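# A structural walkthrough
Residue strings, one per chain:
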There are 2 protein chains.
Amino acid sequence: MKIQIDLRSDIPVTSQIVTQIQQSLSTGTLKPGDQMPTVRALATELRVNFNTVARAYRVLDECGIISTQQGRGTFIMEQPPPEASSALRREALSTLARRYLEESQRLGFNAEESAQALEDEMEKK
Amino acid sequence: MKIQIDLRSDIPVTSQIVTQIQQSLSTGTLKPGDQMPTVRALATELRVNFNTVARAYRVLDECGIISTQQGRGTFIMEQPPPEASSALRREALSTLARRYLEESQRLGFNAEESAQALEDEMEKK
DNA sequence: TGTATCATTGTATACTTGTATCATTGTATA
DNA sequence: TATACAATGATACAAGTATACAATGATACA
């Protein structure tokens, strides 16, 4: 994978990294499952701070393009399957919800406590 | 014992292991006196470093839920102290909640929709 | 029976990798 | 000039991995 950074450009380094990784993906230079270089490795290669690479990786992560895992590395994601029908997605969601209820019940919590725990997690993020 | 690890999750692998072992215990899949798989065996099964499993075992050990003995193996304790593990139960619940949020997000639903779906399931009952 | 030897199991420690937080730098604008 | 903001850098941290080690068990053999 070849990434060219122009430090004098008006385009932020982070954006340059993001776009070029996306390009490598669309040209097939990068394939799903591939491991990306570590933030530090790519950073020294590009003569840039590793936090800058980390930020670029995070952007791509939030788009679901790569998956970064602390302590392990970052990987190209499998491309998500075409959108299922909305009815199916709805069904899947309610299955998830029911499973959540059942599992927390097994741990000895009632429905209200489960709902409260969910609220708490929503706050945290 | 079936343990499912999601490497893409924000939840640390160690926590995932702890929570799921506790669940197996609460569902009766694991019983007092049972021998757990060795750290290496479970690690290769989950495709994870065995130190990660060892750390999960240590957490459970410190809560008095399992007993790990160097050179022998690790076993489920006879008397899982109900109140000693209350902090763990709490953590297990929040892990379940986060997991529910993450999985529904992957389906394309936001936090509010996930919460609403949970309410709906609670009504049904 | 004792013990030598090796395999198995958990432990300790250092290293790798990404994250969080704050400081620094440059630039636009009042 | 002064202030605010965005981009980048520095530092400490969290999570996972690799490797060497110690304790226990199994087996063979004198």
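For the structure itself, look to the data block above.
Notes on the structure follow. (Residues numbered from 1 in each chain as written. Chains lettered and ligands numbered in written order. Predicted model: local features only at pLDDT ≥ 70, side-chain atom pairs only at ≥ 80, totals over all residues. Heavy atoms only, no water.)

A few words on the interface of chain B and chain A. Taken together, the contact between chain B and chain A spans 33 residues of the former and 32 residues of the latter. Here chain B meets chain A over a buried area of about 3,200 Å², counting both sides, of which 68% is carbon and sulfur. When the buried surface of chain B facing chain A is broken down by residue, Leu93, Phe109 and Glu121 of chain B rank first, second and third, together holding 17% of it. Across the contact surface, chain B and chain A share three salt bridges. Here glutamate 103 of chain B ties to arginine 99 of chain A by a salt bridge, and the two come within 3.0 Å at their closest N and O atoms. Our enumeration of links across chain B and chain A arrives at four residue pairs in polar contact (both at pLDDT 80 or more). (Contact = heavy atoms within 4.5 Å. Buried area = accessible area lost by both parts, 1.4 Å probe. Salt bridge = Lys/Arg side-chain N within 4 Å of Asp/Glu carboxyl O. Polar contact = N/O pair within 3.5 Å; in protein donor to acceptor, adjacent residues only side chain to side chain.)

With that out of the way, let us pick up the protein's contact with DNA strand D. In the vicinity of DNA strand D lie 24 residues, with Val13 and Gln70 of chain A together with Val13, Arg55 and Gln70 of chain B positioned nearest. Counting only the atoms of DNA strand D that lie within 4 Å of the protein, the sugar and phosphate share comes to 52%. At 2.7 Å from a base nitrogen of DNA strand D is found a side-chain nitrogen or oxygen belonging to asparagine 51 of chain A. A per-class count over the surface near DNA strand D returns eight nonpolar, 12 polar and four charged. (Near = heavy atom within 4 Å. Nonpolar A, V, L, I, M, F, W, Y, C, P; charged D, E, K, R; others polar.)

Right, let's get into the packing of helix H1 (residues 13-27) of chain A against helix H3 (residues 50-62) of chain A. All names here are of chain A. Following both chains from N to C, one finds H1 and H3 inclined at 50°, their axes separated by 9 Å at the closest point. As far as their axial angle goes, H3 and H1 are oblique. Of the two elements, H1 crosses H3, and the hand of that crossing is right-handed. Contacts between H1 and H3 involve Val13, Thr14, Ile17, Val18, Ile21 and Gln22 from the first element and Thr52, Val53, Arg55, Ala56, Tyr57, Val59 and Leu60 from the second. Here the contact of H1 with H3 is built from residues that sort into nine nonpolar, three polar and one charged. (Axes fitted to C-alpha atoms, helices over the stretch in contact; angles between N-to-C directions. Helix = DSSP H or I, 4+ residues; strand = E, 2+ residues; numbered from the N terminus. Parallel < 35°, antiparallel > 145°, perpendicular 65-115°, else oblique. Left-handed = near helix turned anticlockwise from the far one by under 90°.)

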